[in-house]
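# Structural overview for review
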Amino acid sequence: MTYRVVWFKRDLRVHDHAPLAEAARQGPVLCLYVVEPSLWAQPDAANQHYQFIGESLAELDRELRARGSRLHLAIGEVVDVLDRLHHAHPFAALHAHEETGNNHTYARDLTVARWCRQHGVAWREWPQFGVVRGLRDRRLWQPRWEAFVAQPLVAPTERIDSVDFEQRPPADLDHPGGSTSGLLRPWSAHALPTAHSLGLTHRDPPQRQRGGRAQGLAVLDDFLSDRSARYRGGISSPLSAPEACSRLSVHLAYGSVGLREVVQATRATRRALPPEAIRHKQGLHAFHSRLYWHCHFIQKLESEPELEWRNLHRGYDGLRENDWNPAHFEALTQGRTGWPMVDACVAMLRATGWLNFRMRAMLVSVAAYPLWLHWREVGHWLAREFLDYEPGIHWPQVQMQSGTTGINATRVYNPVKQAMDHDPHGHFVRHWLPALRRVPDSWLFEPWRMPADLQSRCGVRVGDDIPVPPVDLTTALRQAKDRMHALRRQPEVKAAQAAVVNKHGSRRGMPGGGRNAQGEERPAPKGRRGSNAPALAVTSGQLSLDF
Ligand SMILES: Cc1cc2nc3c(=O)[nH]c(=O)nc-3n(C[C@H](O)[C@H](O)[C@H](O)COP(=O)(O)OP(=O)(O)OC[C@H]3O[C@@H](n4cnc5c(N)ncnc54)[C@H](O)[C@@H]3O)c2cc1C
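All of the points below concern the structure found in this document. (Residues numbered from 1 in each chain as written. Predicted model: local features only at pLDDT ≥ 70, side-chain atom pairs only at ≥ 80, totals over all residues. Heavy atoms only, no water.)

## Let's talk about the overall build of the chain
Scanning the chain for helices and strands turns up 22 helices and eight strands. Out of the 547 residues belonging to the chain, those deemed buried represent 60%. Long-range pairs, those at least 24 residues apart, make up 78% of the contacts in the chain between residues at least 6 apart in sequence. Per element, the accessible surface of the chain, about 21200 Å² overall, is 52% carbon and sulfur. (Helix = DSSP H or I, 4+ residues; strand = E, 2+ residues; numbered from the N terminus. Buried < 20%, exposed > 50% of the residue type's maximum accessible area, 1.4 Å probe, protein only. Contact = heavy atoms within 4.5 Å. Areas by Shrake-Rupley, 256 points an atom, 1.4 Å probe, with all protein chains shown as cover.)

## Description of the site of the ligand
Lining the immediate surroundings of the ligand are 28 residues, of which Tyr 231, Ser 246, Arg 247, Asp 388 and Glu 390 lie closest. The contact in question runs from an oxygen atom of the ligand to an N or O atom on the side chain of Tyr 231, over 2.6 Å. Protein burial of the ligand: of its 830 Å² of free accessible surface, 98% is covered by the chains. Residue assignment for the shell around the ligand shows that the elements contributing at least two residues are α9 (249-254), α11 (278-303), α14 (357-368) and α16 (391-402). If one sorts the elements of the shell around the ligand by residue count, α11 sits on top with six residues. Residue composition of the shell around the ligand, grouped by class: 17 nonpolar, six polar and five charged. (Near = heavy atom within 4 Å. Polar contact = N/O pair within 3.5 Å; in protein donor to acceptor, adjacent residues only side chain to side chain. Nonpolar A, V, L, I, M, F, W, Y, C, P; charged D, E, K, R; others polar.)

## Considering the side chain of Glu 63
Summarising the element assignment, Glu 63 is placed in helix α3 (residues 47-65). Non-local contacts of Glu 63, meaning those with residues more than four positions away in its chain, are made with Val 14, His 15 and Arg 213.

## Description of the side chain of Asn 47
Following the sequence through the fold, Asn 47 ends up in helix α3. On the accessibility criterion, Asn 47 (8% relative accessible area) is buried. Excluding its chain neighbours within four sequence positions, the residues that come into contact with Asn 47 are Ala 195, Leu 200, His 202, Arg 203 and Asp 204.

## A short note on the packing of aromatic side chains
Counting across every chain of the model gives 12 aromatic pairs. Here Trp 7 and Trp 123 contribute two aromatic rings whose centre-to-centre distance is 6.3 Å and whose plane-to-plane angle is 35°, an arrangement assigned as tilted. Of this pair, Trp 7 sits in strand β1 (residues 4-8) while Trp 123 sits in strand β5 (residues 122-126), placing them 116 residues apart in sequence. A residue is classified by how much of its surface remains accessible, and Trp 7, at 1% relative accessible area, is buried. (Phe/Tyr/Trp six-rings, centres within 6.5 Å; stacked < 30°, edge-to-face > 60°.)

## Looking at the environment of His 313
Considering the arrangement of structural elements, one finds His 313 in the loop between α11 and α12 (326-333). As for His 313 and Gly 406, which are separated by 93 residues in sequence, their C-alpha atoms are 5.5 Å apart. For His 313, the contacting residues outside a window of four places in its chain are Thr 404, Thr 405, Gly 406, Val 493, Ala 496, Gln 497 and Val 500. Within the structure, His 313 has its side chain in polar contact with the backbone oxygen of Val 493 (distance 2.9 Å).

Any functional reading would require information that these geometric values do not contain.
As structure tokens, then:
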């Protein structure tokens with residue numbers, strides 16, 4: 001008798017889970033989640049991610065138990081765990097979903113692949129997103145995405161034949177060479193190591209979303225049936241966005257809800273709406289485009305893992321590396337820049353673990369231009385602050401908003417203008433920065449300009465309750481733009497753009513192509529491991545989500 005190991009990573013569900021279904025079809029299964037200390041020691045890991053995973057694992061275990069199985073935990077490096085397990089109880093195959101993670105998981109997966117080859121274990125991986133491993137031609141990507149999302153969902157196996165060494169070790173699995181004693185722990189809330197023991201000392205945002213499939217399905221249902229009608233026109237302002245956006249990102253990131261099931265449910269909801277539900281249909285259409293972008297962005301990192309740590313366009317190397325200003329970084333991360341819209345966003349992020357797209361882009365832009373900070377540290381900080389951290393979306397976005405892709409218009413957000421556009425009455429700023437509650441609208445977004453007597457009448461002291469910005473905004477923005485434009489004009493930088501476009505540039509003709517409600521350009525399919533297409537035409541003032 002032999003068995004298969006199903007290794008759960010960022011796919012914490014039993015529904016539409018091909019690795020589990022296939023393993024269960026073939027015989028006994030060990031369902032495994034490995035807590036990897038080295039993974040949690042990475043600079044993009046945070047306590048809130050770990051807590052969310054813990055909540056999701058609890059529900060995964062309940063789902064497995066309902067099918068006669070259970071979840072086992074192991075603590076250690078994956079290859080060590082597999083090695084010990086295999087030594088004690090040889091298994092035939094390792095099943096998992098493909099992961100486009102950070103460089104650490106990429107290297108780990110290569111090691112796992114090597115270990116499997118050396119030990120005659122079949123490692124079978126299934127895609128869980130419309131991301132194509134080994135993609136050679138980006139032009140072929142869109143049909144592959146379409147085919148992926150259209151595939152029927154994999155029904156959860158009703159009865160899983162379980163391997164459980166702790167409770168009832170099957171005689172024919174016993175092996176004189178070793179034991180799994182102490183290696184595997186049946187899931188229980190206490191079996192999970194504490195965050196502290198893994199060095200995860202960050203605060204857990206008190207208002208963050210909770211993990212688990214039931215939560216994910218409730219969010220999906222509420223969004224499709226109701227909130228998506230407010231999606232168009234509601235997603236740019238941080239006031240309306242928490243309700244108008246789907247809030248599914250974290251469930252997609254940890255797989256408590258699968259991408260394919262969200263795409264199919266969106267399409268079905270849209271089809272079922274009456275013709276007069278125009279705004280609702282438009283909202284679902286715009287949302288559907290984002291599900292496409294989700295994979296489109298991850299494909300970039302899949303095709304070019306170096307995106308995580310080096311400039312996409314190498315002509316930008318050296319642009320900011322030698323100008324690191326710790327005081328600017330400290331002001332940003334502590335929400336003490338003195339620009340109220342920026343500081344309010346940081347306050348919201350610290351409380352909830354979430355921000356809408358526009359405000360994420362503004363934070364990175366403020367870091368990159370007036371504060372002139374290199375994107376790498378900023379990206380790590382935000383990765384820890386975003387509950388939904390998804391490396392394949394995050395790093396391309398961070399580079400794009402920092403201007404190092406070399407193929408997009410330099411997009412510089414002025415935080416005062418963003419406040420006027422998206423929080424005209426100051427409700428958002430006053431909510432997150434209570435010190436400014438009594439400041440009149442006319443001074444609210446530039447409080448450092450307030451005369452001293454007005455400050456005392458409003459009960460706020462600039463330089464104390466709200467800091468003075470570390471740089472003069474107008475001057476710093478102009479200098480930053482000048483530097484960017486000077487670099488872009490250099491012949492060798494211009495020449496190298498073609499190669500970046502060739503590999504990552506946008507393709508027209510994607511579903512929902514054109515512009516969305518915010519005037520943001522919709523991406524066309526592109527790829528991470530090569531393709532040829534015309535450059536994306538980005539005009540000034542247009543917010544492209546793509547490159
Ligand atoms: C600097 C920066 C970093 C970001 N980092 C992440 C990240 O780590 N994880 C993450 O999921 N999103 C990231 N985004 C994209 C976007 O901001 C979030 O997906 C969105 O705010 C999540 O909220 P939602 O699920 O309610 O979004 P919705 O608007 O409801 O979108 C639905 C889904 O579409 C996908 N999506 C939405 N916008 C984008 C986009 N611009 N590019 C690619 N996919 C998109 C996400 O999976 C999202 O869950 C980042 C954006 C920026 C500017």
